[in-house]
Amino acid sequence: MSDVLREKTLTRPDELIAAGLASPRLAEALAEVAALYSVAVPTGVAALIERPDDPIGRQFLPDPAELRVLPEESADPIGDDAHEVSKGLIHRYPDRALLKLTSVCPVYCRFCFRRARVGAGTQGVLDDAALDAAFAYLLAHKEIWELIVTGGDPLSLSERRLAAFSRRLRGLDHVRILRFHSRVPALTPERITPGLIAALKDSGKTLYVALHANHPRELTSEARGACAKLIDAGVAMVSQTVLLRGVNDDVETLAALMRAFVETRINPYYLHHGDLAPGTSHLRLPLDEGRKLVRALLGRVSGLCQPIYVIDIPGGYGKAPAGPTYVARQGEHWLIEDWRGQSHVYRDACEEKP
């Protein structure tokens with residue numbers, strides 16, 4: 001391992017070049033990319049990268065392709081702004097709200113839909129005034145049953161900040177579920193300490209951690225150990241994955257990733273179609289290609305390994321299932337297609353309502 005990798009998280013193109021993770025001939029273009037979108041590659045992540053264009057490198061190393069912005073792309077591709085009820089608090093669905101507790105991550109994904117709003121030069125942690133406003137809204141809206149905590153990466157915060165946040169949630173009796181979305185257990189697993197777990201559990205809520213991972217190589221033995229610490233402490237875990245060109249756009253990789261989640265006691269949850277974030281078209285698949293990949297999973301892997309393929313509708317209209325359809329009406333009966341592609345007739349057999 002190079003001395004550069006031993007020292008620190010890599011945040012500049014010259015550091016990536018010195019570590020052998022980028023070509024010197026790309027220095028100028030990479031500096032332009034890094035000026036737009038933050039770069040952070042921790043030691044453990046850098047050690048997973050075999051070459052810049054491998055499935056790990058494509059996720060975290062800046063690429064000159066990020067300078068190409070298509071007309072369809074937007075700094076707010078899923079419409080957070082349309083549903084922001086106070087600074088950092090999004091209320092898009094009736095029974096749940098989302099709080100962007102921080103705008104900082106330990107590692108920055110090159111496909112992130114919030115890439116223009118996180119990283120260096122942002123506020124960092126929500127200030128006291130913003131948190132007060134968010135809690136006032138949550139207290140006034142008894143229909144909110146679940147709070148999703150994201151950012152940035154909320155598990156990058158100190159144990160002290162997380163504990164203070166958790167304790168404050170005790171006063172919201174109607175909020176029963178607390179869900180943290182994070183890359184930390186996989187990419188910086190050393191952060192999952194007894195103190196951090198205690199800080200998360202201080203809320204007294206039913207606790208979930210949604211682990212974001214896109215390739216089976218991210219689930220190292222250290223990552224699996226960190227997840228085991230959370231799960232053994234009573235924290236339920238689900239997964240979220242983004243479908244990405246050159247990362248997981250083949251059925252063998254997707255199957256291996258979903259099996260790895262299940263082996264780690266993580267329930268496969270969302271497989272996201274790539275959002276229309278600026279400079280990400282080189283990583284995004286056509287929707288039809290994604291649907292074919294999800295279809296290929298059916299029958300190939302256990303039902304425990306089947307994620308929900310979703311697309312966030314641009315403009316703030318929420319998620320919609322985007323997977324293939326296996327059932328179609330034909331006259332007075334249905335045609336149902338099995339995982340091999342063969343169609344079968346099904347007829348409803350139900351008593352009429354009295």
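This one's a predicted model, so the numbers in the text were calculated from it and none came from an experiment.

Student: Go over the sheet that holds strand β5 (residues 177–182), please, and point to the residues and values.
Tutor: One open sheet holds the 10 strands; their spatial order is β1-β2-β3-β4-β5-β6-β7-β8-β9-β10, and the pairing between them is mixed. Pairing within the sheet leaves two strands with one partner each, and these edge strands are β1 (84–86) and β10 (319–321). This sheet shows a mean twist of 30° between the axes of neighbouring strands, independent of strand direction. Sheet analysis places strand β6 (residues 206–212) next to strand β7 (residues 236–242), joined by five bridges and oriented parallel. Pairing of H212 across the sheet is with Q240, part of β7. Contacts from helix α12 (residues 287–297) reach β8 (267–272) and β9 (308–312) within the one sheet, and its direction differs from that of β9 by about 165°.

Student: I'd like a rundown of the side chain of Q59, residues and numbers included.
Tutor: Relative to the assigned elements, Q59 resides in helix α5 (residues 57–60). Polar side-chain contacts of Q59 include one of 2.9 Å to the side chain of N214. Within the local environment of Q59, its side chain forms a polar contact with the side chain of E218, the two groups lying 3.0 Å apart. Discounting residues that sit within four places of it in the chain, Q59 has contacts with Y108, C109, R110, F111, R183, N214, H215, E218, L244 and V247.

Student: Describe the packing of helix α7 (residues 159–169) against helix α9 (residues 194–201), with residues and values.
Tutor: For the pair α7 and α9, the least separation of the axes is 7 Å and the interaxial angle reads 20°. As the angle between them shows, α7 and α9 are arranged roughly parallel. As for how α7 packs across α9, the hand of that crossing is left-handed. Of α9, the residues touching α7 (which contributes E159, L162, A163 and S166) are G195, L196, A199 and L200. Looking at the contact of α7 with α9 residue by residue, the classes come out as five nonpolar, two polar and one charged.

Student: Before we move on, can you summarise the state of the cysteines with the specific residues and values?
Tutor: Under the criterion given, the structure shown has zero disulfides. For the unlinked cysteine C109, the closest cysteine sulfur is that of C112, found at 6.3 Å.

Student: Describe the sheet that holds strand β13 (residues 343–346), with residues and values.
Tutor: What the three strands build is an open sheet, ordered β11-β12-β13; its pairing is antiparallel. Each end of this open sheet is capped by a strand with a single partner; those strands are β11 (327–330) and β13. Taken pair by pair, the neighbouring strands of this sheet meet at an average axis angle of 30°, ignoring direction. Note: strand β12 (residues 333–337) against β13, four bridges, orientation antiparallel. From the neighbouring strand, I336 faces β13, where its bridge partner is H344.

Student: Any details on α7? Residues and values, ideally.
Tutor: Taken as a whole, α7 has its buried residues at L162, A163, F165, S166 and L169. Taken end-on, α7 shows its buried residues confined to a sector of 165°, consistent with a single buried face. Among the structural elements, β3 (96–100), α6 (128–140), β4 (146–150), β5 and α9 are those in contact with the buried residues of α7.

Student: An account of the pairing of β3 is requested, with residue identities and associated values reported.
Tutor: In terms of residue burial, β3 counts as a mostly covered element, since four of its five residues are buried. Direction of pairing for strand β2 (residues 89–93) relative to β3: antiparallel, over a ladder of three bridges. Directly across from Y93, in β3, lies its bridge partner R96. Bridge count between β3 and β4: five bridges; the pairing is parallel. Bridging across to β4, A97 finds its partner in L147.

Student: I'd love a proper account of the pattern of salt bridges, names of residues and values included.
Tutor: Enumeration over the complete set of coordinates arrives at 26 salt bridges. Put simply, R224 and E263 hold a salt bridge, and the shortest N to O gap is 3.0 Å. Placement of R224 in helix α10 (residues 221–232) and of E263 in helix α11 (residues 251–263) is noted, with a sequence separation of 39 residues between them. Look at R224 and you get partly exposed, because its relative accessible area is 29%. Two residues, E337 and R295, come together in a salt bridge whose shortest N-O distance is 2.4 Å. Of this pair, E337 sits in strand β12 while R295 sits in helix α12, placing them 42 residues apart in sequence.

Conventions used here
Residues numbered from 1 in each chain as written. Predicted model: local features only at pLDDT ≥ 70, side-chain atom pairs only at ≥ 80, totals over all residues. Heavy atoms only, no water. Pairing = 2+ DSSP bridges. Helix = DSSP H or I, 4+ residues; strand = E, 2+ residues; numbered from the N terminus. Axes fitted to C-alpha atoms, helices over the stretch in contact; angles between N-to-C directions. Contact = heavy atoms within 4.5 Å. Polar contact = N/O pair within 3.5 Å; in protein donor to acceptor, adjacent residues only side chain to side chain. Parallel < 35°, antiparallel > 145°, perpendicular 65-115°, else oblique. Left-handed = near helix turned anticlockwise from the far one by under 90°. Nonpolar A, V, L, I, M, F, W, Y, C, P; charged D, E, K, R; others polar. Disulfide = S-S within 2.5 Å. Buried < 20%, exposed > 50% of the residue type's maximum accessible area, 1.4 Å probe, protein only. Arc of directions from axis to C-beta. Salt bridge = Lys/Arg side-chain N within 4 Å of Asp/Glu carboxyl O.

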